[in-house]
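# Topology and contacts: notes
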Amino acid sequence: MVNLGLFTGNKPLKSRKVSFRIPYYTQWGQHLLICGSDALLGSWNVKKGLLLKPSHQGEELIWSGSIPVPPGFQSEYSYYVVDDTRNILRWEVGKKRKLLLPDGLQDGQLLELHDLWQTGSDNIPFSSAFKDVIFGRSWSLGVERPWGITQNTSDQDGSVLQFRICCPYLEEGTSIYVIGSSLKLGQWKIQDGLKLAYAGDSFWQADCIMGKDDFPLKYKYCKYGKAGTSVECGASRELFVDVATGESRFVLLSDGLMREMPWRGAGVAIPMFSVRSEADLGVGEFLDLKLLVDWAVESGFHLVQLLPINDTSVNCMWWDSYPYSSLSVFALHPLYLRVEAMSENIQEDIKQEIREARVQLDKKDVDYEAAMATKLSIAKKIFAREKESILNSKSFLEFFSENQEWLKPYAAFCFLRDFFETSDRSQWGRFSEFSKEKLEKLVSKESLHYEVISFHYYIQFHLHLQLSEAAEYARKKGVVLKGDLPIGVDRNSVDTWVYPNLFRMNTSTGAPPDYFDKNGQNWGFPTYNWEEMSKDNYGWWRARLTQMGKYFTAYRIDHILGFFRIWELPDHAMTGLCGKFRPSIPISQEELESEGLWDFNHLTQPYIGQELLQEKFGASWTIIASTFLNEYQKGFYEFKEECNTEKKIASVLKSFLETSMLVKSEEKLRRKLFDLLQNVALIKDPEDLRKFYPRFNIEDTTSFKDLDQHSQNVLKRLYYDYYFQRQEGLWRQNALKTLPVLLNSSNMLACGEDLGLIPSCVHPVMQELGLVGLRIQRMPSEPGLEFGIPSQYSYMTVYM
């Protein structure tokens, strides 16, 4: 927690020394140091920070150190874990600590700071989900004593102790006390304990003078009020002060969070289109969330989680209903618009049209295309009647000013998509490549197309108003509205058009083979160019989270593993099997050659023998071979150039079956041909032909099985090393670059979907950053269990 030592007093300070003390367990080769804004603490250069020394105190490992300081000294600081050469291994999460010298410090006194390591979980009570919703107060606390101010103690003997505790939730009429073994702390009696004063921002503090006989001191914090008394749980806190020296001191105790029974709550997860009401037009609408919030309150639920709500209308067809393939990561989906709420002066003929549409669209299943077409048609009629008044209104102009960075490209993209009847921008002529100059001409008020462009502004404006209204309603009712952050964007999206440098457009994202699919998953999204994104400190991500924070107080990070590493596939792949992790440390050609592996054609080219063809295709093998393969060696085959990728195979196969007499299932034939193509032991890096990656489930391939025993043993060892050992440090480092940017971009509570093949570095990083994980009971991560055991889940868990 933040330290701020500002005291009042009159005596001048002649000798000054600040001592730091923090309990922290390290591994062999790790050290703790302090680095801060002042030159005495390294000026934020960790190499020049104050290295602390360890000592054992009971079962605790205490790190401590001290520095002499000049009058008026002040600094921000944080603790870091470093290796022997002071490379950063870990750092505290949360606000920087602040230190000011106490004005009332007597000559010869020592300022002793007792800190606790700040983790991400310490910040959870300060997220908007807790601070503004769950722990939101209808009453306010006034600051009783400004942060850090203490009494003038210059004429009193003994050590000055300042107790500081953070308590995010306090019922009205309740006070906080510290009680303990000393007479000054009531000898464990609350009525005689030390009452704390509110210092602002959920912190309470109080100070008192302790004599030699008061140490060692045991104490606890407690609440006392109308609802009764509650003492913090866990063992008593202990303070040891070396009184043998006779040295008088100020001791600032930053005791972190008050230890209470942790808050638990339940909620409901639902796609927005399923939140139906009698007022909607065939699909759930943002304003229907108010009814869902009312239901949640009556049911005792504290949270409503939605699937992604961004616009996905890439193809203007029913398959756009998939909510994880965003057309824009900023724009809201027009599907969730309530057209009746767009104006207070809708003409009767339009009202009648709405009533008739409501009857026609009121079906068990959502008719995505009909609902979209109907809403946009009606919205255009309302827009035609009130566009002048709305587009010139103060509220719209404020919305436009705040959102124009993404709103202009989005509206232009929608216009071009409809004009060219495709979202494939390669078909857009001179607009294929984005430029701000061309954009400004297209969206200018003098443009022939401005009315169409401004219609998209108008729709987004009303979506914003309606979702904001529902979000504010949820906050007031004490219900957390939780959004969903998809891991990818559609290949033909506004974002890839405007920022093509942020995406690796020749790749696709997916997941390696797992419980869901033995051939892996290919989601089709381009992977991120993290190196390029880092150049502006991940500005695209920061803007994206800031936008979400306008409506939500919590969010789920879809496939959080993607921030550690992503399963990357070539864009010509259709399945998810033959991929590699990005980033990862590949196997070099030199590494393979040093192990005695030289036949790279065997290892990297599809290994297709006549026996394998006969096994897969039976009597039809010759027809398949003549159509798709060339025999390059007696009894061994390779794919022809026109069908040497999965997408090429699918295309050639479709044409082949249209003219062939072969009566076979297209899907089964395609799968068998893919099996041939994927029959490799190693995958060659297309960007560096001297680097290789082991194919997932390498031992299933005949390419592997036909190798000699030595080669098999080498590949098995390299396979295990690649997938389970050599990447851990790299992936941890990658996540600690990207995830803190997300977490610091908004005040929302962050949860991570951590399912699948989980590297061992993932959960420690999530715990360190305060990211809540996800558990599905019928998909236990523990080996040997058919169902997970919720009572054994950690507190930082959402389980379903």
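A brief report on the enclosed structure follows. (Residues numbered from 1 in each chain as written. Predicted model: local features only at pLDDT ≥ 70, side-chain atom pairs only at ≥ 80, totals over all residues. Heavy atoms only, no water.)

## Some words on the overall build of the chain
Assigned secondary structure in the chain consists of 21 helices and 37 strands. Along the first, second and third principal axes, the C-alpha atoms of the chain reach 105 × 80 × 50 Å. Here the chain holds 800 residues, and 54% of them are scored as buried. When the accessible surface of the chain is totalled, it reaches about 37200 Å², and 51% of it is carbon and sulfur. A gap of 2 Å separates the mean positions of the 90 positive and 103 negative side-chain charges of the chain. (Helix = DSSP H or I, 4+ residues; strand = E, 2+ residues; numbered from the N terminus. Buried < 20%, exposed > 50% of the residue type's maximum accessible area, 1.4 Å probe, protein only. Areas by Shrake-Rupley, 256 points an atom, 1.4 Å probe, with all protein chains shown as cover. Lys, Arg positive; Asp, Glu negative; His and termini not counted. Charge placed at Lys NZ, Arg CZ, Asp CG, Glu CD.)

## Here's the deal with the packing of helix α14 (residues 610-617) against helix α17 (residues 666-677)
Relative orientation and spacing of two packed helices are given, respectively, by the angle between their axes and the distance between those axes. As a packed pair, α14 and α17 sit with axes 11 Å apart at the nearest point and diverge in direction by 160°. In this view, α14 runs roughly antiparallel relative to α17, as classed from their interaxial angle. Here α14 runs over α17; the crossing is right-handed. On α17, the residues that touch L612, L613, K616 and F617 of α14 are L669, K672, L673, D675 and L676. Residues belonging to the contact of α14 with α17 are distributed by class as follows: six nonpolar, no polar and three charged. (Axes fitted to C-alpha atoms, helices over the stretch in contact; angles between N-to-C directions. Parallel < 35°, antiparallel > 145°, perpendicular 65-115°, else oblique. Left-handed = near helix turned anticlockwise from the far one by under 90°. Contact = heavy atoms within 4.5 Å. Nonpolar A, V, L, I, M, F, W, Y, C, P; charged D, E, K, R; others polar.)

## Here's the deal with helix α21 (residues 762-769)
Residues of α21 that are buried include every one of V762, V765, M766, E768 and L769, and no others. End-on view of α21: buried residues confined to an arc of 160°, all on one side of the axis. On its buried face, α21 sits against β7 (88-91), α1 (120-123), α20 (728-744), β35 (749-752) and β36 (773-775). Trailing α21 by a residue or two, G770 shows a phi angle of about 80°, which is positive. (Arc of directions from axis to C-beta.)

## Points about the side chain of T738
In this structure, T738 sits in helix α20. Ignoring anything within four residues of it in the chain, the contact list for T738 reads W530, Y538 and F563.

## Looking at the nonpolar core
Among the nonpolar cores identified, the biggest contains 138 residues, and W540, W541 and Y555 are the most heavily contacted of them. Sequence-distant contacts of Y555, defined by excluding residues within four places in its chain, comprise K482, G483, L485, L545, M548, L742, L743, S746, M748, L749, A750 and C751. (Core = buried A, V, L, I, M, F, W, Y, C linked by side-chain atoms within 4.5 Å.)

## Focus: the sheet that holds strand β30 (residues 608-609)
In space, the three strands of this open sheet follow the order β30-β32-β31, with antiparallel pairing throughout. Two strands bound the open sheet, and with one partner strand each, they are β30 and β31 (629-633). Here β30 pairs with strand β32 (residues 636-639) via two bridges, running antiparallel. Bridge pairing in β32 links G609 to F636. (Pairing = 2+ DSSP bridges.)

## Overview of the packing of helix α16 (residues 646-659) against α17
Running from amino to carboxyl end, α16 crosses α17 at an angle of 140°, the nearest separation of the two axes being 10 Å. By the angle between their axes, α16 is oblique relative to α17. Taken as a pair, α16 and α17 cross one another with a handedness that is right-handed. Two secondary-structure elements touch here, α16 through E646, I649, A650, L653, K654 and L657 and α17 through E666, L669, R670, L673, F674 and L677.

## Observations regarding the pattern of salt bridges
A side chain of one charge can pair with a side chain of the opposite charge if their charged atoms are brought near each other. Going through the model one piece at a time under the given rule, you end up with 47 salt bridges. The salt bridge involving E285 is made with K375; its shortest N-O contact spans 2.7 Å. Taken together, the positions of E285 in the loop between β19 (267-270) and α3 (289-299) and K375 in helix α5 (residues 368-391) put the pair 90 residues apart, joining distant regions of the chain. Taken individually, E285 and K375 each receive the classification buried, so the pair is uniform in this respect. A salt bridge links R504 to E568, with the nearest nitrogen and oxygen atoms 2.8 Å apart. Within this pair, whereas R504 is found in strand β22 (residues 503-504), its partner E568 is found in strand β27 (residues 566-570), the two being separated by 64 residues in sequence. (Salt bridge = Lys/Arg side-chain N within 4 Å of Asp/Glu carboxyl O.)

## Things to note about the sheet that holds strand β4 (residues 53-57)
Whenever strands of a sheet pair, they do so through backbone hydrogen bonds, lying parallel or antiparallel. Read from one edge to the other, the open sheet built from eight strands follows the order β4-β5-β1-β9-β18-β10-β14-β13, with strand pairing classed as mixed. One side of each edge strand has no neighbouring strand; the edge strands of this open sheet are β4 and β13 (197-200). Sheet twist, expressed as the average angle between the axes of neighbouring strands with direction ignored, equals 25°. Summarising the sheet, strand β1 (residues 17-23) and strand β9 (residues 110-114) pair through four bridges and their orientation is parallel. The partner of F20 across the bridge, within β9, is L113.

## So, the packing of aromatic side chains
In total, this model carries 56 aromatic pairs according to the counting rule given. Between F419 and F420 the ring centres are 5.1 Å apart and the planes differ by 80°, which places this aromatic pair in the edge-to-face class. Judged by its relative accessible area of 52%, F419 falls in the exposed class. (Phe/Tyr/Trp six-rings, centres within 6.5 Å; stacked < 30°, edge-to-face > 60°.)

## Details of the environment of Q187
Looking at where Q187 falls in the secondary structure, it is placed in the loop between β11 (175-180) and β12 (194-195). Every residue in contact with Q187, bar those within four places of it in the chain, is listed here: G180, S181 and S182.

## Topic: the side chain of S127
Relative to the helices and strands, S127 resides in the loop between α1 and α2 (128-134). Of the residues examined, S127 reaches a relative accessible area of 5% and is grouped as buried. If sequence neighbours within four positions are ignored, S127 has contacts with D132, N747, M748 and L749.

## Some words on the environment of M261
Along the polypeptide, M261 turns up in the loop between β18 (249-257) and β19. Exposure remark for M261: the relative accessible area of 73% places this residue in the exposed category. On a C-alpha basis, the gap between M261 and L463 in space is 40 Å, while along the polypeptide they are 202 residues apart.

## Describing the pairing of β35
Because side chains alternate across β35, one face comprises the buried residues L749 and C751, and the other comprises A750 and G752, equally buried. As paired elements, strand β26 (residues 554-557) and β35 share four bridges and run parallel to each other. The residue bridging R556 from the neighbouring strand is C751, located in β35.

## Considerations on empty space enclosed by the protein
According to the stated counting rule, one finds four cavities of 30 Å³ or more in the structure shown. Estimated volume of the largest cavity: approximately 110 Å³. Taken together, 13 residues make up the lining of the largest cavity; nearest its centre are I309, N310, L332, M548 and F552. At the level of elements, β21 (480-485) and α11 (539-548) are the ones that each hand at least two residues to the lining of the largest cavity. Looking at side-chain class alone, the lining of the largest cavity contains nine nonpolar, three polar and one charged residues. By volume, the second largest cavity is sized at about 70 Å³. Surrounding the second largest cavity, I487, T509, T527, Y528, W530, G562, I566 and R582 form its lining. (1 Å grid on protein atoms, 1.4 Å probe; cavity = no way out; pocket = protein on both sides within 12 Å on 5 of 7 lines; lining within 4 Å. Points joined across faces, edges and corners; volume = space filled by probe spheres on them.)

## Quick look at unusual backbone geometry
For the bond from F215 to P216, the omega torsion is -5°, close enough to zero to count as cis. Cis geometry marks the peptide bond from R582 to P583, where omega comes out at -5°. Looking at where P583 falls in the secondary structure, it is placed in the loop between β28 (580-582) and β29 (587-588). At S43, a position not held by glycine, the phi torsion is positive, near 50°. Looking at where S43 falls in the secondary structure, it is placed in the loop between β2 (31-36) and β3 (50-51). A relative accessible area of 43% means that S43 is categorised as partly exposed. In this structure, N537 takes a positive phi of about 55° despite not being glycine. With respect to the element layout, N537 can be found in the loop between α10 (530-533) and α11.

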